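Each chain, written out:
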Amino acid sequence: MFTLHNQTAIFVDFENLRLGVFEKAARKKRLYFDYTSNPKQIVDFCNACVFNDFVEDRLQELYRIFFYTAKPLEDHIKRTEILNFLNVLESLDHTALRLGKLVRRGNEIVQKQVDMLLGIDMAEMAIKHFVQRVVLIGYDSDMSPALKLARTNGIQTEIIAFDDLDQNIESSLTKHCDFVKRVNLEKIYKQVGIIS
């Protein structure tokens, strides 16, 4: 067992980020982000949410950003575009992509295994003390056991919340984290060049 001092692992529920942040910002605030055409900006966005000086601090402190999502179904109209986006995202520095799967349930398409993969990775980081801090960008209450495990193993736990999006983070998540970092989405968009 070894510890990488001052290292931070960022865990991103990408579907939650896409719908609950990017799409919501476009709908409610008219802040548009064409995230599929610039995976590098997504990485910069996540770093800027976590680190105060996302250029300098991340070089010293970032262990890895883990993205969790699923490949589109075979008949998805933008399948090739999405797969290309995921391939580029996975190849960027200090990123890892974990893929669950999509299944049809009647008229609904549901993501499977994504939460489990995120929970297993966070648990492994905590138990093996690969990092000092884990940061969650995602709001699914299924993540609370992983946060609790990390915290009880001496890892600092943090959730990112956007103060200009009226987000409600469930108490099952907040009670297992040391800190809810509130950031301003519009400010982050400007900082990383998504909007001018």
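Residues numbered from 1 in each chain as written. Predicted model: local features only at pLDDT ≥ 70, side-chain atom pairs only at ≥ 80, totals over all residues. Heavy atoms only, no water.

## Some thoughts on the overall build of the protein
Scanning the protein from N- to C-terminus turns up eight helices and seven strands. Against the compact-globule benchmark of 16 Å for 196 residues, the protein has a radius of gyration of 16 Å, which places it among compact chains. Counting only C-alpha atoms and orienting by the principal axes, one finds that the protein spans roughly 45 × 40 × 35 Å. Across the 196 residues in the protein, those meeting the buried criterion constitute 47%. When contacts within the protein are restricted to residue pairs at least 6 apart in sequence, long-range pairs at least 24 apart make up 66% of them. Element-wise, carbon and sulfur atoms account for 46% of the exposed surface of the protein, whose accessible area totals about 10,300 Å². (Helix = DSSP H or I, 4+ residues; strand = E, 2+ residues; numbered from the N terminus. Rg over C-alpha atoms; globule rule 2.2 N^0.38 Å. Buried < 20%, exposed > 50% of the residue type's maximum accessible area, 1.4 Å probe, protein only. Contact = heavy atoms within 4.5 Å. Areas by Shrake-Rupley, 256 points an atom, 1.4 Å probe, with all protein chains shown as cover.)

## Examining helix H2 (residues 39-50)
With twelve residues, H2 should cover 16 Å at 1.5 Å per step; its first-to-last C-alpha distance of 17 Å lies within 8% of that length. Counting buried positions along H2 yields eleven of twelve residues, so the element is predominantly enclosed. (Expected span 1.5 Å × (residues − 1).)

## A short note on the packing of H2 against helix H4 (residues 79-91)
One way to put it is that H2 packs onto H4 with a least axis distance of 9 Å and a crossing angle of 50°. Here H2 lies oblique to H4, going by the angle between them. The crossing of H2 and H4 is right-handed. Residue-level inspection shows Pro39, Ile42 and Val43 of H2 in contact with H4, the latter providing Phe85, Val88 and Leu89. Split into classes, the residues belonging to the contact of H2 with H4 amount to six nonpolar, no polar and no charged. (Axes fitted to C-alpha atoms, helices over the stretch in contact; angles between N-to-C directions. Parallel < 35°, antiparallel > 145°, perpendicular 65-115°, else oblique. Left-handed = near helix turned anticlockwise from the far one by under 90°. Nonpolar A, V, L, I, M, F, W, Y, C, P; charged D, E, K, R; others polar.)

## Comments concerning helix H5 (residues 114-127)
For H5, built from 14 residues, the straight-helix expectation of 20 Å at 1.5 Å per residue is met to within 8% by its first-to-last C-alpha distance of 20 Å. Among the structural elements, strand S1 (8-13), strand S2 (62-70), strand S3 (95-105), strand S4 (108-112), strand S5 (133-137) and helix H6 (144-152) are those in contact with the buried residues of H5. Immediately downstream of H5, the backbone of histidine 129 shows phi near 55°, a positive value.

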